[in-house]
Amino acid sequence: MTISLRSYQKTMVLETYAHISAGQRRILLVAVMSAGKTITGGWMLRDAANRGKRSVFLVDLKSLLDQTADEFRSLGIHCTILQGNRLFDQSAPVIVASRDTITARLKQGYILDDILGPIDLLMADEAHDTSFSTVYQKLVDHYPDVLRIGLTATPWRRSRKQWLGQKYDALVVGPQPPEIIRLGGAVPCRGFSIGGVLDLETLKVSGGDYSDSSISQQACQLEALNHVYREWKRLASDRSTLMIGSTVAQAQMTMEKFQAEGVPTEIIIGSTTKEQRDEIFNRIKTGETQVITSVGCLTKGFSLKPLSAILFVRATKSKALFHQCCGRACRPFVGKDDYLLLDFGGNLKRHGNPMAHQDYDISEKPQREIEPMLKTCPECFAEISQFAAICPSCGYVFNEAVDDDDEQEELVLNQLSEHFDRFTKKKVKALRDGRKQAWKSWSNPDQPINKFVSTYGHTPPDEWLLYASLGKRSSQKRKQRYIDYLEH
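Reading the values: rules and limits
Residues numbered from 1 in each chain as written. Predicted model: local features only at pLDDT ≥ 70, side-chain atom pairs only at ≥ 80, totals over all residues. Heavy atoms only, no water. Helix = DSSP H or I, 4+ residues; strand = E, 2+ residues; numbered from the N terminus. Expected span 1.5 Å × (residues − 1). Buried < 20%, exposed > 50% of the residue type's maximum accessible area, 1.4 Å probe, protein only. Pairing = 2+ DSSP bridges. Axes fitted to C-alpha atoms, helices over the stretch in contact; angles between N-to-C directions. Contact = heavy atoms within 4.5 Å. Polar contact = N/O pair within 3.5 Å; in protein donor to acceptor, adjacent residues only side chain to side chain.

Observations concerning helix 10 (residues 222-236)
Okay, step 1: Over its 15 residues, helix 10 extends 20 Å from the first C-alpha to the last, a length consistent with the 21 Å expected when each residue adds 1.5 Å.
Okay, step 2: Among the residues of helix 10, A224, L225, H227, V228, Y229, E231, W232, L235 and A236 are the ones counted as buried.

A few points about the sheet that holds strand 2 (residues 55-59)
Okay, step 1: Read from one edge of the open sheet, 7 strands run 3-4-2-5-6-1-7, paired in parallel fashion. The two strands at the open ends of the sheet, each matched to only one other strand, are strand 3 (79-82) and strand 7 (170-173). Between one strand axis and the next, the sheet turns through 20° on average, direction left out of account.
Okay, step 2: Note: strand 1 (residues 26-30) against strand 7, 4 bridges, orientation parallel. Looking at strand 7, one finds that V30 is bridged to V173.

What to know about the sheet that holds strand 15 (residues 339-343)
Okay, step 1: The strand order 12-13-11-14-15-8-18 describes an open sheet built from 7 strands, whose pairing is mixed. Of all strands in the sheet, those bounded by a partner on one side alone are strand 12 (265-268) and strand 18 (417-419). Recorded for the sheet is a direction-independent mean angle of 25° between the axes of neighbouring strands.
Okay, step 2: Lying over the sheet, helix 11 (residues 248-260) contacts strand 11 (241-244), strand 12, strand 13 (291-294) and strand 14 (309-312), oriented at roughly 170° with respect to strand 12.
Okay, step 3: Contacts from helix 13 (residues 319-326) reach strand 11, strand 14 and strand 15 within the one sheet, and its direction differs from that of strand 14 by about 145°.

Details of the side chain of H128
Okay, step 1: Structurally, H128 is set in helix 6 (residues 127-130).
Okay, step 2: On the accessibility criterion, H128 (2% relative accessible area) is buried.
Okay, step 3: There is a polar contact of 2.8 Å between the side chain of H128 and the side chain of T152.
Okay, step 4: Contact partners of H128, with chain neighbours within four places excluded, come to T152, T154, P155, W156, R157, L164, A320 and Q324.

Below, the structure is given as structure tokens:
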């Protein structure tokens, strides 16, 4: 099978070569998940091999070694895997190397010349992590003149003392997530966010992030487990789902809760063998299993196209971790128009939607400015003050009295609500305005939808058009006129 690069991949390769020609020796390639970074990197590795150069492709997860090598071989690259006691071909021009194996051999007294031999190019997968590892620094120190290329979808560090600009001088950016969606390479993410499961103020912090044990302690409470299941059932019960928690105990208890409710659910953790994982993945594909619960072993380098919902039942201060985990369901699949992200830890507010427009700047960031406290009007989607009682754009009244008792009102407040970033708000507002205008001009009501699809490459959810033309408090006469318009 002949493999060719997509147009944007060709552009990324050419931009990288332009930086090299200009004397840059540390180059970072950034592209959203599903954009084909491994194939893009492999294309350059093949070019290097054709020029008699030797390269190391450094991988941080053992589970990715064979997958990566297979992709390189599909490009016609003669490569070998350096991991454990595997048969190693010292003559291969490309080495797919495990970070752990190099580290272990260095501890055993081997030197890098004996482990790898001479190399001309060092390419780092998951560069946001790999480039800050001890073994990467040892490679850089030992091969100071080596050309360095990093690949990542998430060029961010949790610590303000570290940023990718410390490791790379040049940046090559692929298409933004909305562009990949428009091109058909990914599907959009609809994010839903709420508190009610995790109390961020009482979570302990360890190593700069919320501690796994304190997250698990809260998330494993019966009330929390019931709430997670209830919200999943309300929003995503017809979708293949990946739940990501903080500990094995949390993943186990969540699995047991879903199983008790009659939902076919399985668990994947670090000790789950490759054969067992493949069997579970196959059962997801056939529909025999609907939900997988997990912790950190399915956060990157993992693709299961039928997945169309993510349950993120943890909190993190790491934007890279959140986007790595919650982009897992973005790959297109038959009948999949989008995927749902159910966020129970306030992460969408901190880190944004993983499939929205991103800031990929790798220079040192200034302290974040305090953003104004805003909320979104559920009727016209305008951004207004958090404290406004009435929307100035459409007159929607917030906090209206209800006839339900306090207990029911509390339950409603705890429900997940859709999270809109500014780009999505703009899309939704244009769609709704188009629908209103179509009614006013008595034109085809599907025109705004068709325009949306041609512009953004995906079909908008029905909920985004709810009350777009009428509003919630329209008169009966107005409703009847709208029915006549639709039947016209």
